[in-house]
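# Overview (structure and organization)
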Amino acid sequence: MNIQWLGHSAFRLVESTGTTIITDPYKGSMVGYDMPKNLACDIVTCSHEHEDHNYLAAIEGSPIVLNQEGAFELNGVHISSMESFHDHHNGSRRGGNLIFKFRMDGVEVCHLGDIGEACSIDICSQIGSVDILLIPVGGNYTIDAEMAKEFVDLLMPGVVIPMHYRTRDCEMDIDKVDSFLKLFDEDQITYANSAIDFDRTDFDREDTQIIVFNR
């Protein structure tokens, strides 16, 4: 399978069969920069109804939109979603958030959306096994770097890709990725300029690999 970071919390996931998923498309005026042009996919997932996560106008065509809890199988791709909270006050401040899991080419990918609740054994047991974890680290509207590290430690994914942090062009009041990276050894961190291919053999390392996409 192939993963490309599109900015903010948006990723393009492509299975070897060609089935394509885009997560959390965003409105440029909300973030400070626009999504790439000419994006098309089979499925769009939206973790919640904020315009930096559900901007369907950024996607071409008529993809299937998943924005509710449930279990789905589309074009051979298994997708499940579970409810969580957008804040650490049981959703009373920012509402709910959906966590999505995708099984593509035998690889388990988890997108935590805009999760704001603290890590717990209960929520991690519901998520289950994870090969690739897509996790917000910028704080303020989501969990921050320290809270994200707790999810990494409990879920023990093979690969972690941070998201929802302040880049050079981002205008949101969130932290840069640096605070999260400081919590790991340098030899765990790699940088990527574009999309990356993964298969089952990429998760044999004993420690977790952190991949940071340049933008």
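For the structure itself, consult the block above.
This report concerns the structure included in the present document. Treat the numbers as computed from the prediction; the structure is a model and nothing was measured. (Residues numbered from 1 in each chain as written. Predicted model: local features only at pLDDT ≥ 70, side-chain atom pairs only at ≥ 80, totals over all residues. Heavy atoms only, no water.)

So, about unusual backbone geometry. As a rule of thumb, non-glycine residues mostly have phi less than zero, and peptide bonds are mostly trans rather than cis. You will see that histidine 8, though not glycine, has its phi angle at about 55°, which is positive. Along the chain, histidine 8 turns up in the loop between strand 1 (2-7) and strand 2 (10-14). Look at aspartate 105: it is not a glycine, yet its phi comes out positive at around 55°. Structurally, aspartate 105 can be placed in the loop between strand 8 (96-104) and strand 9 (107-111). For aspartate 105, a relative accessible area of 28% gives the class partly exposed. (Helix = DSSP H or I, 4+ residues; strand = E, 2+ residues; numbered from the N terminus. Buried < 20%, exposed > 50% of the residue type's maximum accessible area, 1.4 Å probe, protein only.)

This part is about the nonpolar core. Counting 57 residues, the largest nonpolar core has Ile79, Ile132, Phe151 and Phe180 as the members making the most contacts within it. Contacts of isoleucine 79, omitting those with residues within four sequence positions, involve Ile21, Ile43, Leu66, Gly70, Ala71, Phe72, Leu74, Phe100, Lys101 and Phe102. (Core = buried A, V, L, I, M, F, W, Y, C linked by side-chain atoms within 4.5 Å. Contact = heavy atoms within 4.5 Å.)

Turning next to the state of the cysteines. Overall, the coordinates contain 0 disulfides when judged by the stated rule. Cysteine 110 forms no disulfide, and the closest cysteine sulfur to it belongs to cysteine 124, at a distance of 9.0 Å. Given a relative accessible area of 7%, cysteine 124 falls into the buried group. (Disulfide = S-S within 2.5 Å.)

A cluster of acidic residues, Asp197, Asp199, Asp202 and Asp204, forms a negative patch on the protein surface. Position of aspartate 199 relative to the elements: it lies in the loop between strand 13 (196-197) and strand 14 (209-213). (Patch = residues over 30% accessible without salt bridge, like charges linked within 9 Å, V, L, I, M, F, W, Y side chains within 5 Å. Areas by Shrake-Rupley, 256 points an atom, 1.4 Å probe, with all protein chains shown as cover. Salt bridge = Lys/Arg side-chain N within 4 Å of Asp/Glu carboxyl O. Lys, Arg positive; Asp, Glu negative; His and termini not counted. Charge placed at Lys NZ, Arg CZ, Asp CG, Glu CD.)

Most of strand 1 is tucked away: 5 of the 6 residues are buried. Strand direction decides the pairing type here: strand 1 and strand 2, joined by 5 bridges, are antiparallel. Bridge pairing in strand 2 places glycine 7 opposite alanine 10. Counting the residues between successive antiparallel strands, the hairpin from strand 1 to strand 2 contains 2 residues, one of them, histidine 8, with a positive phi of roughly 55°. (Pairing = 2+ DSSP bridges.)

This paragraph deals with the sheet that holds strand 14. Reading across from one edge, 6-7-8-9-10-11-14-12 is the order of the 8 strands in this open sheet, with mixed pairing throughout. Each end of this open sheet is capped by a strand with a single partner; those strands are strand 6 (70-74) and strand 12 (189-192). Taken over all neighbouring pairs, the strand axes of this sheet differ in orientation by 20° on average, direction set aside. Alignment of strand 11 (residues 159-163) against strand 14, held across 2 bridges, turns out to be parallel. Across the sheet, the residue bridging to valine 159 is glutamine 209, located in strand 14. (Axes fitted to C-alpha atoms, helices over the stretch in contact; angles between N-to-C directions.)

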